[in-house]
Structures are given as C-alpha cells and as structure tokens.
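Read off the chains here:
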Amino acid sequence: MSTDFSIKPVGAPVAAPIVQPVSEAAHKAVATELPAAQSVTAADASARARVESDAVNASRSRQVVFDRAAASIVYQVVDTRTSVVVQQFPDEAVLRRRAYFHALDLTKGAPTRALATDRKA
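In the nomenclature of an unreviewed UniProt entry, the protein is known as FlaG/YvyC family protein of Bradyrhizobium algeriense.

Structure, rendered in structure tokens:
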C-alpha cells in the first residue's frame, strides 16, 4: 500500500467499436461512375449563406452609443433604409435597470430633504 493520497486508475476502459448495420439495398447497389460533365455535386451551402449575408450587411450599419443615464456603452445594428435598430447590446431592459441603479448611486451620497429638515428641528 502506498503512502501518497493520489487516485490511480485500476484499469483503462476499453473503447468498443460501433458497427453500423449495412442495409440490403446497399448490398444490391450497382457501382456507378459518371464522367465529370454528367455528375452532379452538392452545392456549397456556405457560399450561398455568405452571398445572402453580404446583401443583408449592405443595408445595415453598426453604431456605438454612450447612454449617459445608464452610464454604459451600447452597441447597435441599425437598418440603414428604415433607421430601425435591428439588434442592440445591452437591451433596453438592462439599460433601464442600469439607469435606475446609477441614479440610486448618485443620490446615495446626497442627503435627502426629509433628513435635512429633521436635523434643523
């Protein structure tokens, strides 16, 4: 028995190969080889997505705005044709919450009027 407290594996797990069953249709299939002019290949899906995203990005602009009430930076994606904000980070609810807490922090150091009148009496 060893005196160290390290955990040592007893045996290494064995990875069992996964064998996929071959269908009967695959056994009966005839191998075909067509010339390149007659063969059909799958279109690259990423190329189509890139072309569509370029068209969408052409009508959108990115803006960075400083929200003074929330004391935070806001990142926006704006549609240039309609001037509508498409995406914004952080969203409106987070900005309102930050503005509320920022206002609370600003008033925390200042005495309230009720306390100031109580001190005079």
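Having seen the model, we can carry on.
Tracing the sequence through the fold places Ser59 in the loop between helix H2 (45-58) and strand E1 (60-67). For Ser59, the side chain forms a polar contact with the side chain of Arg81, separated by 3.5 Å. Discounting chain neighbours no more than four positions away, the residues touching Ser59 are Val78, Asp79, Thr80 and Arg81.

Take the side chain of Ser72 next. Here Ser72 shows up in strand E2 (residues 72-79). Note on Ser72: relative accessible area 8%, which makes it buried. At a separation of 3.3 Å, a polar atom in the side chain of Ser72 contacts the side chain of Arg98. If we ignore the near neighbours within four places in the chain, the residues touching Ser72 are Val65, Phe66, Asp67, Pro90, Leu95 and Arg98.

Criteria and thresholds
Every chain begins its residue count from 1, and numbering advances along the sequence as written. In keeping with the model being predicted, local features are shown solely for residues with a pLDDT of at least 70 and side-chain atom pairs are shown and tallied solely at 80 or more, while totals for entire chains, interfaces and linings include all residues. Only hydrogens and water are set aside; all other atoms, that is, all heavy atoms of the structure, feed into the side-chain values. Where helices and strands are cited, they refer to DSSP runs of H or I of at least four residues and of E of at least two residues respectively, numbered from the N terminus. Polar contact is the term for a pair of N or O atoms within 3.5 Å; when the atoms are in protein, one must be able to donate a hydrogen and the other to accept it, and sequence-neighboring residues count only if both atoms are side-chain atoms. Residue contacts are defined here by distance: any two heavy atoms, one from each residue, within 4.5 Å place the two residues in contact. For each residue, the accessible area found with a 1.4 Å probe, counting protein chains only, is set against the maximum for its type, and the residue is called buried under 20%, exposed over 50%, and partly exposed in between.

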